[in-house]
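This is what each chain is made of:
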Amino acid sequence: MNAEKRIGQCLRSAPKPSAPDGLMNRLQADVSALDINAQRSALQRWFAPTGGRISRWRVATAAAIAVAVLLPLSYGADKLMKLYHIRFESKQVSDDGTVTTTTTEVTVSRDFFADEEEARRVLQETQELKKAGKYERTFLKEIERNGVKSHMYMYRYTLSNGRVVGFAESERVKDEEDR
Amino acid sequence: MSQVKKLLKRARKADTNAASQLLTVYYEDIYSYLRRLCGSQTDAEDLTQQTFLKVWSSLDRFKGRSRFSTWLYRIAYNCYIDWRRKNPGNVQSNTDQWWHECTDNNPGPVEGFARHQLSRQLYEAVDRLDEDKKQTVHLHYYQGLSLRETAKVLGVATSTVKYRLREVLRILRIRIDAEANEFDLRQTIPVAKGEPI
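Predicted model only: the values in this text are computed from it and were never measured.

Calculation rules
Residues numbered from 1 in each chain as written. Chains lettered and ligands numbered in written order. Predicted model: local features only at pLDDT ≥ 70, side-chain atom pairs only at ≥ 80, totals over all residues. Helix = DSSP H or I, 4+ residues; strand = E, 2+ residues; numbered from the N terminus. Buried ≥ 20, exposed ≤ 12 C-beta atoms within 10 Å, placed from the backbone. Contact = placed C-beta atoms within 7 Å. Nonpolar A, V, L, I, M, F, W, Y, C, P; charged D, E, K, R; others polar. Pairing = 2+ DSSP bridges. Axes fitted to C-alpha atoms, helices over the stretch in contact; angles between N-to-C directions. pLDDT = per-residue confidence, 0-100. Parallel < 35°, antiparallel > 145°, perpendicular 65-115°, else oblique. Left-handed = near helix turned anticlockwise from the far one by under 90°.

Attention shifts here to the overall build of chain A. Looking only at helices and strands, chain A features five helices and five strands. Counting from the amino terminus, helix and strand elements in chain A follow one another as α-α-α-α-β-β-α-β-β-β. Taken over 179 residues, chain A has a buried fraction of 8%. Once local pairs closer than 6 in sequence are excluded, the contacts in chain A between residues at least 24 apart make up 30%.

This is the structure we're talking about:
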């Protein structure tokens, strides 16, 4: 017989150490004492840690955590969302009498204006100043979105009450093809 | 569905009776695997217990991609490796001792002596192999796992297992041959020239 085959056979027929008598009882005791980690969702595990009844204090803790975490978050979000969405409609009458209506939507932060009416008034005035060419324009940066290049400018307007306001506006860069 | 799969399904739903039945099926194999490796009955018992504790606590993570026994051996293997790492000085090779204990209970005929001797030499030689080769022999030959199962337990490719086994057989053959030659030499009675026997 091939020597290596014989070695293989010898290894296969190796005697098996028998388990000591007390081992099975020891392992059985573990099984009885253990709560087997059955397939339960994270929520189930949290609310019913023992797998049976829902723990009341855990529900209360979860509610407290929710209030403690979500309340400041929602307050912050509310603050972040303090914006005015203002819509303008400007009409232009061409030489042949055609009226063109242009609608502009502007979103501004509430922090700079006392109320929506003031924001609307200021924006209306800046529109008129822009039309009249009464502004200071500073180039900020070039941006590219979806393959379209734009330039960001800061427009500064001096309002009739002497207040200086500035708005960042982007303008599409005209390619050679557009021209 | 096989009996083991049914038991597993029930055990996953925290059925302790099913878990006990699974235990009955597998605990002896796991114990013998660990007993051969760590050489001490107490350590092997502790490691077997540790293995099953890990099994019960992570039963929901067993996805059934391999056989349950393979997964079990993998946990036992990891437990042994962790234990070995934590107790580098405790690992002692008592193969000889358990081999004697096992064989002395079933004394064979006189003609079986040579085979008995060879087996003893082999088991001792296996214990002297490096850890990877030793594990491969233990799982494939001693525990009877297939090449694929052995590979899964050890986390290597089946081809690696095949290569290791080929190497093991080559090494063992060389060692056995060397020991046999030594044995033959010891049996030779030195006779002085011209001296009457």
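Moving on, there is more to tell.
A tally of regular secondary structure across chain B gives nine helices and zero strands. What you see in chain B, going N to C, is helices and strands ordered as α-α-α-α-α-α-α-α-α. Looking at the 197 residues of chain B, the share that counts as buried comes to 31%. Pairs at least 24 residues apart make up 60% of the contacts formed inside chain B by residues separated by at least 6 positions.

Across the contact, 39 residues belong to chain B and 28 residues belong to chain A. Those elements giving two or more residues to the side of chain B that touches chain A turn out to be helix H1 (3-12), helix H2 (16-38), helix H3 (41-57), helix H5 (95-104), helix H6 (113-127), helix H7 (131-142) and helix H9 (158-187) of chain B. Considering every element that reaches the side of chain B that touches chain A, the biggest residue donor is H2 of chain B, with 10 residues. When grouped by side-chain class, the residues that make up the side of chain B that touches chain A number 21 nonpolar, 10 polar and eight charged.

With that out of the way, let us pick up the sheet that holds strand E5 (residues 164-172) of chain A. Residues and elements named next belong to chain A. Pairing in this open sheet of three strands is antiparallel, and the strands run E3-E4-E5 from one edge to the other. Of all the strands in the sheet, the pair left with one neighbour each is strand E3 (136-145) and E5. When the angles between neighbouring strand axes are averaged without regard to direction, this sheet yields 20°.

Glancing now at the pairing of E5 of chain A. In summary, the side chains of a regular strand alternate between the two faces of the sheet. All names here are of chain A. Among the nine residues that make up E5, zero are buried, leaving the element largely open to the surroundings. Sheet analysis places strand E4 (residues 148-158) next to E5, joined by nine bridges and oriented antiparallel. Bridge pairing in E5 places Tyr-153 opposite Glu-169. The turn linking E4 back onto E5 is made up of five residues, and Gly-162 within it adopts a positive phi angle of 90°.

Our next topic: the confidence of the model for chain B. Residue and element names in this part refer to chain B. Summing up the model confidence of chain B, the mean pLDDT is 81 and the portion of residues at 70 or higher is 77%. When pLDDT is averaged over each element of chain B, helix H8 (residues 147-154) comes out on top at 95 and H5 at the bottom at 57. Scored below 50 in pLDDT, residues 187-197 shows one contact in the model against residues more than four places distant or in partner chains. Here the predicted complex scores 0.57 on pTM and 0.77 on ipTM.

Residue and element names in this part refer to chain B. For the pair H1 and H2, the least separation of the axes is 8 Å and the interaxial angle reads 140°. It follows that H1 is oblique to H2 by the angle criterion. Where H1 crosses over H2, the handedness of that crossing is left-handed. Counted together, Val-4, Leu-7, Leu-8, Arg-10 and Ala-11 of H1 and Ala-18, Ala-19, Gln-21, Leu-22 and Val-25 of H2 form the full contact between these two elements. The residue makeup of the contact of H1 with H2, split by class, is eight nonpolar, one polar and one charged.

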